[in-house]
Amino acid sequence: MQALYTLYDIIAMLSNVLVMLIIIQFVIGLLFAFNVVNASNDFLMSFYNSINRLLDPLLRPIRNLMPSTGAIDFSPLVLIIVLNIVLIVLEGIIRSV
């Protein structure tokens, strides 16, 4: 039973890291969009591109399923909600065992 709780904790930690990366991506995107930070900043641009490359395989299928909403991308929000639902279901399964 303790092994299941340990596995759940690892999955929860990875989920939290993904949520943090999504928030960082969003904030950096806003900084670029409102010209708070210049897009020619090499360090920030490479950091932003790295996060995009990490998250794109997770966000692309969601973007393909969702209808086009124009300039607003709701796929990060959907991913955060799905991650939380998965954690709730896993916790319920572990508690019932």
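First, a word on what this report is: a plain description of the structure on this page. (Residues numbered from 1 in each chain as written. Predicted model: local features only at pLDDT ≥ 70, side-chain atom pairs only at ≥ 80, totals over all residues. Heavy atoms only, no water.)

### Brief notes about unusual backbone geometry
Unlike most non-glycine residues, N35 shows phi in positive territory, near 55°. Considering the arrangement of structural elements, one finds N35 in the loop between helix 1 (2–33) and helix 2 (42–65). (Helix = DSSP H or I, 4+ residues; strand = E, 2+ residues; numbered from the N terminus.)

### Some thoughts on helix 2
With 24 residues, helix 2 extends 33 Å between its outermost C-alpha atoms, agreeing within 8% with the 34 Å of an ideal straight helix rising 1.5 Å per residue. A bend of about 55° at D56 is the largest found in helix 2, and the proline P57 appears one to four places after it. Elements in contact with the buried residues of helix 2: helix 1 and helix 3 (75–96). Where helix 2 begins, the side chain of N41 points an oxygen toward the backbone nitrogen of F43, at a separation of 3.3 Å. (Expected span 1.5 Å × (residues − 1). Bend = angle between axes of the 7 residues up to and from the residue. Contact = heavy atoms within 4.5 Å. Polar contact = N/O pair within 3.5 Å; in protein donor to acceptor, adjacent residues only side chain to side chain.)

### Digging into the packing of aromatic side chains
For the structure on display, the rule yields two aromatic pairs. Ring plane angle 85° and centroid distance 5.6 Å describe the contact between F32 and Y48, whose orientation is recorded as edge-to-face. Placement of F32 in helix 1 and of Y48 in helix 2 is noted, with a sequence separation of 16 residues between them. Like F32, the residue Y48 is buried in the burial classification. Aromatic side chains F43 and F47 sit 6.3 Å apart centroid to centroid with 10° between the ring planes, which places their arrangement in the stacked category. (Phe/Tyr/Trp six-rings, centres within 6.5 Å; stacked < 30°, edge-to-face > 60°. Buried < 20%, exposed > 50% of the residue type's maximum accessible area, 1.4 Å probe, protein only.)

### A word on helix 1
Look at helix 1: 46 Å from first C-alpha to last across 32 residues, which is about the 46 Å you get at 1.5 Å a residue. For helix 1, the secondary structure elements touched by its buried residues are helix 2 and helix 3. Downstream of helix 1 by a residue or two, N35 has a phi angle that is positive, lying close to 55°.

### Details of the nonpolar core
Within the largest apolar cluster, nine residues are counted, these being V19, L21, I22, I51, L55, L59, I62, L79 and L83. Counting residues per element, this core draws most heavily on helix 2, which supplies four residues. Excluding its chain neighbours within four sequence positions, the residues that come into contact with I22 are L55, P76, L79 and I80. Counting residues in each nonpolar core, the second largest holds five residues, with I28, F32, L44 and Y48 among its members. (Core = buried A, V, L, I, M, F, W, Y, C linked by side-chain atoms within 4.5 Å.)

### A closer look at a nonpolar patch on the surface
Nonpolar side chains collect at one region of the surface, where M1, L4, Y5, I72, F74, L77, I81, I85, V89, I93 and V97 lie side by side and expose about 990 Å² of accessible area between them. The dominant element in the nonpolar patch, judged by the number of residues it contributes, is helix 3, at five residues. Along the chain, Y5 falls in helix 1. (Patch = residues over 30% accessible without salt bridge, like charges linked within 9 Å, V, L, I, M, F, W, Y side chains within 5 Å. Areas by Shrake-Rupley, 256 points an atom, 1.4 Å probe, with all protein chains shown as cover. Salt bridge = Lys/Arg side-chain N within 4 Å of Asp/Glu carboxyl O.)

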